[in-house]
Amino acid sequence: MAANNRKVILIRTYTAFAFMCVFAAAIITFLFKIQFKERQHWVDLSENLSTTIQTIEPARGSIFAIDGSLLATSLPIYDLRLDGKAPGFTKGDVFENNVDSLALMLSQLFKDRSKAEYKRILTSVKKRKDRYYLLKRKVSYPEMKAVKEFPIFRLSKHNKYEGGLTIEEKNKREKPFEYLAERTIGYNMSGIKPVGIEGAFNKDLSGKEGKRVMQRIAGGTWIPVNDEEQIEARNGNDIHTTIDVNIQDVATHALMRTLVANDAEWGTAVLMEVSTGEIRAIANLTRVSEGKYSEKYNYAVGESLEPGSTFKLASSLALLEDKKVQMTDLFDTENGEKRYFENAVMYDSEKGGHGVVTFQHAFEISSNVAISKAIYQNYKSNPVQFYNHLEKLHFTNPLGLQITGEGKPRIKHPKDKDWYGTTLPWSSIGYEIKVTPLQMLTFYNAVANNGKMVKPLFVKRITNTGKIIKEYKTQIIEKKIASPETIKNLRIMMEGVIERGTGSKLKNPNYTIGGKTGTALVADGRKGYAQTIYRASFCGYFPANNPQYTCIVMVNAPSKGIYYGGAVAGPVFKEIADKVYANSHNLHGDIKLVLTQTNPNPTIIKGAHKQQLQTALNTLGKETKRSDSIEENGSEWAQATILNNKAKVTPRIINKNMMPDVVGMGLKDAVYLLENNGLQVQAEGYGKVKAQSIPAGTTLSKGTKVTIKLG
Amino acid sequence: MTTWEKIRPRGDMFMWMVIFILSFWGLLAIYSSTGALAYKKNGGAVEIYLLQQSGLLAGGFFIMFIVHSIHYKYFISLSKLAIWITYPLLIYTLIFGIEINGARRWINLFGVTFQASDFAKLAIVMFVTRELARKQDTIDDFKKTFLPILGHITAICILIAPENLSTAMVLFATCFLILFIGRVKIKHLALITGVVMVAGILFFTLLFVAPENALKGRMLTWKNRVESFGKNEIDADKTYQNDHAKIAIATGGIFGKLPGNSIERNFLPEAYSDFIYAIIAEEYGLIGALIMLMLYMFFLYRAIRIVLRSPKAFGALIAVGLSFSLVLQALINMAVAVNLFPVTGLTLPLISKGGTSILLTSVAFGVIMSVSRYIEEDEPEGKEDLMMDSTQTTIQKQ
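Please read these numbers as outputs of a predicted model, since none were measured by experiment. (Residues numbered from 1 in each chain as written. Chains lettered and ligands numbered in written order. Predicted model: local features only at pLDDT ≥ 70, side-chain atom pairs only at ≥ 80, totals over all residues. Heavy atoms only, no water.)

(A) Main features of the overall build of chain B. Along chain B, the regular secondary structure elements total 15 helices and 3 strands. The 398 residues of chain B split such that 57% are buried. Pairs at least 24 residues apart make up 70% of the contacts formed inside chain B by residues separated by at least 6 positions. By element, 68% of the accessible surface of chain B is carried by carbon and sulfur atoms, the whole surface being about 16700 Å². (Helix = DSSP H or I, 4+ residues; strand = E, 2+ residues; numbered from the N terminus. Buried < 20%, exposed > 50% of the residue type's maximum accessible area, 1.4 Å probe, protein only. Contact = heavy atoms within 4.5 Å. Areas by Shrake-Rupley, 256 points an atom, 1.4 Å probe, with all protein chains shown as cover.)

(B) Spotlight on the overall build of chain A. In terms of helices and strands, chain A carries 22 helices and 28 strands. The buried share among the 711 residues of chain A stands at 51%. Surface summary for chain A: the accessible area is close to 33400 Å², and the carbon and sulfur share equals 50%.

(C) Here's a closer look at the packing of helix H11 (residues 240-252) of chain B against helix H12 (residues 276-309) of chain B. Residues and elements named next belong to chain B. Packing of H11 against H12 leaves a shortest axis separation of 7 Å and a crossing angle of 15°. One finds that H11 runs roughly parallel with respect to H12. The crossing of H11 and H12 is left-handed. For the pair formed by H11 and H12, the contact residues are Ala-245, Ala-248, Ile-249, Thr-251 and Gly-252 on the first element and Ala-278, Ala-281, Glu-282 and Gly-285 on the second. Of the residues contributing to the contact of H11 with H12, the split by class is 5 nonpolar, 3 polar and 1 charged. (Axes fitted to C-alpha atoms, helices over the stretch in contact; angles between N-to-C directions. Parallel < 35°, antiparallel > 145°, perpendicular 65-115°, else oblique. Left-handed = near helix turned anticlockwise from the far one by under 90°. Nonpolar A, V, L, I, M, F, W, Y, C, P; charged D, E, K, R; others polar.)

(D) Highlighting the pairing of strand S17 (residues 459-464) of chain A. All names here are of chain A. Pairing between strand S8 (residues 238-241) and S17: 4 bridges, direction antiparallel. For Asp-238, the partnering residue across the bridge sits in S17 and is Thr-463. Pairing analysis gives 4 bridges linking S17 to strand S18 (residues 467-471), with the strands arranged antiparallel. What sits directly across from Thr-463, in S18, is Ile-468. Hairpin connection from S17 to S18: 2 residues lie between these consecutive antiparallel strands, with Thr-465 at a positive phi of about 40°. (Pairing = 2+ DSSP bridges.)

(E) Inspection of empty space enclosed by the protein at higher detail. Residues and elements named next belong to chain B. Applying the stated rule across the entire model yields 6 cavities of 30 Å³ or more. Roughly 70 Å³ of volume is contained in the second largest cavity. Lining the second largest cavity are 11 residues, and of these Leu-350, Ser-352, Ser-357, Ile-358 and Thr-361 sit closest to its centre. For the lining of the second largest cavity, a count of residues per class yields 5 nonpolar, 5 polar and 1 charged. (1 Å grid on protein atoms, 1.4 Å probe; cavity = no way out; pocket = protein on both sides within 12 Å on 5 of 7 lines; lining within 4 Å. Points joined across faces, edges and corners; volume = space filled by probe spheres on them.)

(F) Inspection of the sheet that holds strand S27 (residues 689-692) of chain A at higher detail. Residues and elements named next belong to chain A. Pairing in this open sheet of 3 strands is mixed, and the strands run S26-S28-S27 from one edge to the other. Each having just a single partner strand, strand S26 (680-684) and S27 make up the two edges of the open sheet. Going from strand to strand, the sheet's axes swing by 30° on average, the running direction of each strand aside. In terms of strand pairing, S27 meets strand S28 (residues 705-710) through 3 bridges, oriented antiparallel. When the bridges of S28 are listed, Val-689 appears paired with Leu-710. Taken strand by strand, helix H22 (residues 667-676) contacts S26, S27 and S28, and its axis lies near 165° from that of S28.

(G) View of the pattern of salt bridges. Residue and element names in this part refer to chain A. If you walk through the whole model with that rule in mind, you get 26 salt bridges over all chains. Residue Lys-33 pairs with Glu-38 through a salt bridge whose shortest N-O separation is 3.8 Å. Residue classification places Lys-33 among the partly exposed positions, given a relative accessible area of 30%. Glu-278 is the partner of Arg-280 in a salt bridge, and the nearest nitrogen-oxygen pair spans 2.8 Å. Look at Glu-278 and you get buried, because its relative accessible area is 5%. (Salt bridge = Lys/Arg side-chain N within 4 Å of Asp/Glu carboxyl O.)

(H) Structural view of unusual backbone geometry. In this chain, A:Phe542 is followed by A:Pro543 through a cis amide linkage whose omega measures -20°. Relative to the elements of secondary structure, A:Pro543 occurs in the loop between strand S21 (528-542) and strand S22 (549-556). Of note in this structure, B:Arg183 is not a glycine but carries a positive phi near 70°. One can find B:Arg183 in the loop between helix H8 (165-181) and helix H9 (186-209).

(I) How the structure looks around the side chain of A:Gln360. All names here are of chain A. Note on placement: Gln-360 falls in helix H13 (residues 359-364). At 2.9 Å, the side chain of Gln-360 forms a polar contact with the side chain of Glu-364. Those residues in contact with Gln-360 that sit more than four places away from it in its chain are Met-327, Ile-492, Met-493 and Arg-500. (Polar contact = N/O pair within 3.5 Å; in protein donor to acceptor, adjacent residues only side chain to side chain.)

(J) Focus on the packing of aromatic side chains. All names here are of chain A. All chains considered together, the criterion is met by 28 aromatic pairs over all chains. With a centroid separation of 5.1 Å and an interplanar angle of 75°, the aromatic rings of Tyr-297 and Tyr-299 are classed as edge-to-face. Exposure remark for Tyr-297: the relative accessible area of 33% places this residue in the partly exposed category. Tyr-299 gets classed as buried once you look at its relative accessible area, which sits at 8%. (Phe/Tyr/Trp six-rings, centres within 6.5 Å; stacked < 30°, edge-to-face > 60°.)

(K) Structural detail: the side chain of A:Thr333. Residues and elements named next belong to chain A. Looking at where Thr-333 falls in the secondary structure, it is placed in the loop between strand S12 (330-332) and strand S13 (337-341). Given a relative accessible area of 0%, Thr-333 falls into the buried group. Only 2.9 Å separates the side chain of Thr-333 from the backbone nitrogen of His-354, close enough to count as a polar contact. Polar side-chain contacts of Thr-333 include one of 2.6 Å to the backbone oxygen of Gly-355. In this structure Thr-333 touches Asp-348, Gly-353, His-354, Gly-355, Val-357, Ser-367, Val-369 and Ala-370, once residues within four positions along its chain are discounted.

(L) Spotlight on helix H18 (residues 484-500) of chain A. Its 17 residues place the ends of H18(A) 24 Å apart at the C-alpha level, agreeing with the 24 Å of an ideal helix rising 1.5 Å per residue. Turning to H18(A), its buried residues number three or more, namely A:Thr486, A:Ile487, A:Asn489, A:Leu490, A:Arg491, A:Met493, A:Met494, A:Gly496, A:Val497 and A:Ile498. (Expected span 1.5 Å × (residues − 1).)

(M) Molecular detail of the state of the cysteines. Throughout the structure, instances matching the rule amount to 0 disulfides over all chains. This cysteine, A:Cys551, is not joined by any disulfide, and A:Cys539 carries the nearest cysteine sulfur, 7.6 Å off. (Disulfide = S-S within 2.5 Å.)

(N) Region of the structure containing the confidence of the model for chain B. Residues and elements named next belong to chain B. Per-residue confidence for chain B gives a mean pLDDT of 79; residues scoring 70 or more make up 77%. Considering each helix and strand of chain B separately, the mean pLDDT is smallest for helix H15 (residues 390-396), with a value of 39, and largest for H12, with 91. Ignoring residues within four places in sequence, the model shows residues 36-44, a span with pLDDT below 50, making 20 contacts including any to other chains. The low-confidence segment residues 382-398, where pLDDT is below 50, has 23 contacts with residues more than four positions distant or belonging to other chains. Here the complex is predicted with pTM 0.52, and the ipTM for its interfaces comes to 0.87. (pLDDT = per-residue confidence, 0-100.)

(O) Up close: the pairing of S13(A). Relative to strand S14 (residues 344-347) of chain A, S13(A) runs antiparallel, the two sharing 4 bridges. The residue bridging A:Lys338 from the neighbouring strand is A:Met346, located in S14(A).

(P) Looking closely at the packing of helix H5 (residues 72-96) of chain B against helix H6 (residues 116-134) of chain B. Residues and elements named next belong to chain B. Relative to each other, H5 and H6 sit at 145°, their axes nearing to 8 Å. Crossing hand, H5 versus H6: left-handed. Contacts between H5 and H6 pair Phe-75, Ile-76, Ser-77, Ser-79, Lys-80, Ala-82, Ile-83, Ile-85, Thr-86, Leu-89, Leu-90 and Thr-93 from the former with Ala-116, Ser-117, Phe-119, Ala-120, Ala-123, Ile-124, Met-126, Phe-127 and Arg-130 from the latter. Here the residues of the contact of H5 with H6 sort into 14 nonpolar, 5 polar and 2 charged.

(Q) Inspection of helix H17 (residues 437-448) of chain A at higher detail. Residues and elements named next belong to chain A. If you check H17, its first and last C-alpha atoms are 16 Å apart, about what 12 residues at 1.5 Å a residue would give, namely 16 Å. Burial of H17 is extensive: 12 of the 12 residues sit out of reach of the surface. Residues of H17 that are buried: Pro-437, Leu-438, Gln-439, Met-440, Leu-441, Thr-442, Phe-443, Tyr-444, Asn-445, Ala-446, Val-447 and Ala-448. Looking one or two residues past H17, Asn-450 carries a phi angle of roughly 60°, positive in sign.

(R) Region of interest: the confidence of the model for chain A. Residues and elements named next belong to chain A. Here chain A averages 81 in pLDDT, and 83% of its residues register 70 or above. Considering each helix and strand of chain A separately, the mean pLDDT is smallest for helix H21 (residues 629-632), with a value of 38, and largest for strand S16 (residues 453-454), with 96. Here residues 621-634 scores under 50 on pLDDT; set against residues more than four positions off or in separate chains, the count is 25 contacts.

Written out as structure tokens, the structure reads:
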């Protein structure tokens, strides 16, 4: 090799090396630039980008009725989104080959868009590379499961992000009994004032959020940074209420019928167990449009209003307890008119008055003149004495209930600025004062409970996964509101109301009732009492000889000409009392009892609408084994059996012309099924169907009457 | 002679040292940077990658040692055969290749998955140096020397380009550098430059003028990469990698977060290959990054020294050619990490994780060391008769 060539090679090699040095210098320059000049920018960015704290949503607790049925529960629902940049959309021919079948399956499943429309959406998501397209909101668990198996989407089985389907789980609050006690169950939604048990027990129900520090890693995947730093979510506690779904059902519907019949503005009905104060039913209905009512406001708890004549029981208690009057003391009703002051005349509802009556009878016929006279005469000089009674009866302060939104009562004190001359006589008959229906009920309940006043109880227990967290016992708020003698006399008077007074419509041969009617003129804010709007009420207890339940019914502004408490509110009371009494296991009609053969595998859910059953089982646990035939079988009905501790759902085939076996079903399902088969159903008792009057398998003709017995 | 003397690697001990240091450094870096990959695939077990990489590294050293024990002249004669094997391999890849990350670069032969372009790189560099060495006397001959060599280079690069444009471009640049060192006429080199520039301008114009849906294959990826290059803002996914590489460098500071403490390895896709230099900068700091760069440059410098001692252009050219090829690849990988270059997909030799490419890199290093060794053995110091100018005499006497 020529020396010159070597030299040239050397020179060129050094030149090339020099070039490499320049290149290296450029890299070093960039390293320095990033390290020093741009440093802050990147450090800031890293702090924003690297990690995020993800909250782990706890499952909200459920609310149960006293028999364990669900009043409110959270169902998981899912939002489905598409990722147009996922391999399933972008890679090879996968999309083109499967888009048609995917669109078809989506269309068949959701039935909300045509196949072509779904295809158009999918194609456009792919084209726009939309990474977060909302395909469908609020998809149920079975639907979500199905969609996951669809073409393209099922690629995600191997890699979560491959199929391009993003599933976001959310919770939806479901009330299986819909409007039953809806307002008392309440709600807790962001931005709105919480209501009812949901609101009051929100802290218990909502559980505790978990926290997890997440880091975004290559490929957009978020991974938990450190398992030890993770705070587990604690699921919400379950609330066990005192509500009895079946009585609640009766109360709601009885009230509803009366409200519709009288075209009233609103109504409330509350049933309370005498000895415990447990609220078995609480219905509050407001007219939303003509003939339509819904639970909009908890009047029983929240509405503080002039009670009217039902308050006469408190006045009577004061008079009898202070021995100011005797039951047999005579009072002149003065032609039904008593002028207390120049512009203050008290009228009895009956024009012309009742003549001279005993104190007891004045109560029974609800004479305003007689009662107010008795109070006025006896407490005029010392009105505080009367006030003290009302205070002892807990009318002056809120009861302090377990649920939120309790109305504030207003009882005037003689020292109050607005204590007028009329205040004493008028408050004695329930005007110029305001109390809530539940306060009134609590008072009546105390009388029924031999003078022991207990606080209304809505929630008995708080549990978490079956473990009792907290128990609420009956709370006695007044040991003795009056002497046994007074209580005895008050009850004699209340029973007299039914026997020969304003509540005689409630008289029945089966059991006795004690109570008091009320027909209050409703004061309109601006117009005073001029509007002649009435509020009919009835508050009482039954059976009178051994009181088990107290109940208050109030119907506001009935507008069909009938407005007396006994006539409007009384029937609702009677209907509720009838049902409750019928279920008290000492009154049975004769029905032919049909026994079902025993099944070695206990059927837990005998018959239920298939979809509802599935929803319920999904809620209970996603692991529940479902027999697939349920999908293929045409039957709408299904039953669940327990086998090896696993619930198994099998379809139930219902033959339209044959009497089905409804034993074991719930009332709603049984009635639905039987009425669907053209039968007229009469149901007695509550609980699950125990017996049916027509044996299963009997050929049916339309309109046949069938009696089912629940228990 | 002790046992160690019998079996010790021969050749430039400084170069061997650089190779060892970089390899072990790479092992540590892999251990750190595969965190994310390990999490995705094995639920966090990084050890499997460490074992895998250790195995490959051991295999690599073994190959290096074997190769460096064989006289380089055999490899030079093999290069002709290699180049003719390369063509069918590349064509096979284009048609039957396995797609990974949207590029069809891999082939599976006899159960081994590898990139044909890795093999092509080695083959063409050796082939070009061989041709240049053989034809030193007729180096100015356009038709007999220049065109045939350029023909092979162009053909190989064009076959690689459709699926791996960056590798093709870097390979072409490397070959150009070797042609320059190998005394190819400046006029001819200028001609290549001119033609390449015109072709390049035409190509990129096409890339940006043509509507997106008309772009086939990887063209869109190329476009995105060029577009994202140099931007400082977070723009969806486009600058994602570059941003995180910069965050890694910036947060690493001067002294680094120390080995194993990289955060950005979780964010950087391909943290263990394309962007490993950023992870190095994050864990070992600016100082670590500079040392690594210097190690490559030092290796290149030592390789150039072979030319000073090589009796024949033959060995010198092949060592220098391969060294330039490897170090240029390293610099380009680093340039990508610091966002001096757009993303290329080129690995950092000896450091990056990578199956068979490590083995082929080992062959390349082995050949370089073979040249270093046999030049020492064939032409012991002082017997150099071709050292004409004084500068080299000085170096020689160091």
